[in-house]
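# Close look at the chain arrangement
Below, each chain spelled out in residue letters.
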Amino acid sequence: MEQNAPQGVVAGSIPLFAGHPAYELLPIAAVQRTVDAVWGRPTAAQMFNYGDEQGNPRLIEFLARRLNQSEALNISPDSLMIVGGSTGGVAMIVR
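For every chain, the first residue of the written sequence is number 1, and numbering continues from 1 along that sequence. The model is predicted, so local features are restricted to residues of pLDDT at least 70 and side-chain atom pairs to those at 80 or more, both for listing and for counting; the totals for chains, interfaces and linings are taken over all residues. Excluding hydrogens and water, the side-chain figures rest on all heavy atoms present in the structure.

### Remarks on the overall build of the chain
Applied cut-off: Each helix corresponds to a stretch of at least 4 residues labelled H or I by DSSP, and each strand to a stretch of at least 2 residues labelled E; elements are numbered beginning at the N terminus. We call a residue buried when its accessible area falls under 20% of the maximum for its residue type, exposed when it is over 50%, and partly exposed in between, using a 1.4 Å probe and counting protein chains only. A contact between two residues is defined here by any heavy atoms of the two lying within 4.5 Å. The Shrake-Rupley method, run with a 1.4 Å probe, gives the accessible areas here. Residue values count only the displayed protein chains as cover.
Secondary structure summary: the chain contains 3 helices and 0 strands in total. Ordered by position from the N terminus, the helices and strands of the chain form the series α-α-α. When burial is assessed residue by residue, the chain has 8% of its 95 residues classed as buried. In the chain, once contacts between residues fewer than 6 apart in sequence are set aside, the share between residues at least 24 apart is 17%. When the accessible surface of the chain is split by element, carbon and sulfur atoms take 58% of a total near 8,500 Å².

Here it is, written out as structure tokens:
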């Protein structure tokens, strides 16, 4: 068995259960360039803010337009909220 393989992974196999990507497919250089570009901006400290409670306004406006066009709905951006996963969304609805 390979030394660096996650627990339960047989060398030469593709571990679909663990959710581990093939490390050689990860775009490390591209991510590094992006981080360096963003980190070098005067607004870099804003990366540590939580952001808008409802979610990114531009994304919400895009989603509202897209839903209205593709589903023939009449959704206002104010009626949409971006959540960090289904569990968080359900918890907010229940509360």
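### Examining the packing of aromatic side chains
Our working definition: By convention, a stacked pair of Phe, Tyr or Trp rings (six-membered ring in the case of Trp) has centres within 6.5 Å and planes under 30 degrees apart, an edge-to-face pair has planes over 60 apart, and any other such pair is tilted.
Counted according to the given criterion, the structure contains 1 aromatic pair. Where Trp39 meets Phe48, the ring centres are 6.0 Å apart and the plane angle is 85°; that geometry is what we call edge-to-face. A relative accessible area of 51% places Trp39 in the exposed class. Residue Phe48 is classed as exposed on the basis of its relative accessible area of 61%.

### Observations concerning the environment of Leu63
Following the sequence through the fold, Leu63 ends up in helix α2 (residues 57–70). For Leu63, a relative accessible area of 29% gives the class partly exposed. Along the sequence, Leu63 and Leu80 sit 17 residues apart, while their C-alpha atoms lie 8.4 Å from each other. Dropping the residues within four chain positions of it, Leu63 is found in contact with Leu80 and Ile82.

### Concerning a nonpolar patch on the surface
Cut-off, in case you're wondering: Like charges are joined within 9 Å and nonpolar side chains (Val, Leu, Ile, Met, Phe, Trp, Tyr) within 5 Å, but only among residues with over 30% relative accessible area and no salt bridge; these make up the patches. Salt bridge, as used here, is a side-chain nitrogen of Lys or Arg placed within 4 Å of a carboxyl oxygen of Asp or Glu.
A cluster of nonpolar residues, Val31, Val35, Trp39, Met47 and Phe48, forms a patch on the protein surface that exposes about 540 Å² of accessible area. Examined against the element boundaries, Trp39 turns out to sit in helix α1 (residues 28–39).

### Let's talk about α2
Threshold: For a helix, the expected span equals 1.5 Å multiplied by the number of residues minus one. Here a polar contact is taken to be a pair of N or O atoms separated by no more than 3.5 Å, where protein atoms must pair a possible hydrogen donor with a possible acceptor and residues adjacent in sequence count only if both atoms sit in side chains.
Taking 1.5 Å per residue as the helical rise, α2 with its 14 residues ought to reach 20 Å, and the 20 Å between its terminal C-alpha atoms agrees with that figure. Two or three places before Arg58, at the start of α2, stands the capping residue Asn56, its side-chain oxygen 2.9 Å from that residue's backbone nitrogen. Downstream of α2 by a residue or two, Ala72 has a phi angle that is positive, lying close to 55°.

### Side note on the environment of Leu67
Position of Leu67 relative to the elements: it lies in helix α2. Given a relative accessible area of 29%, Leu67 falls into the partly exposed group. For Leu67, the contacting residues outside a window of four places in its chain are Ala72, Leu73, Ile75 and Leu80.

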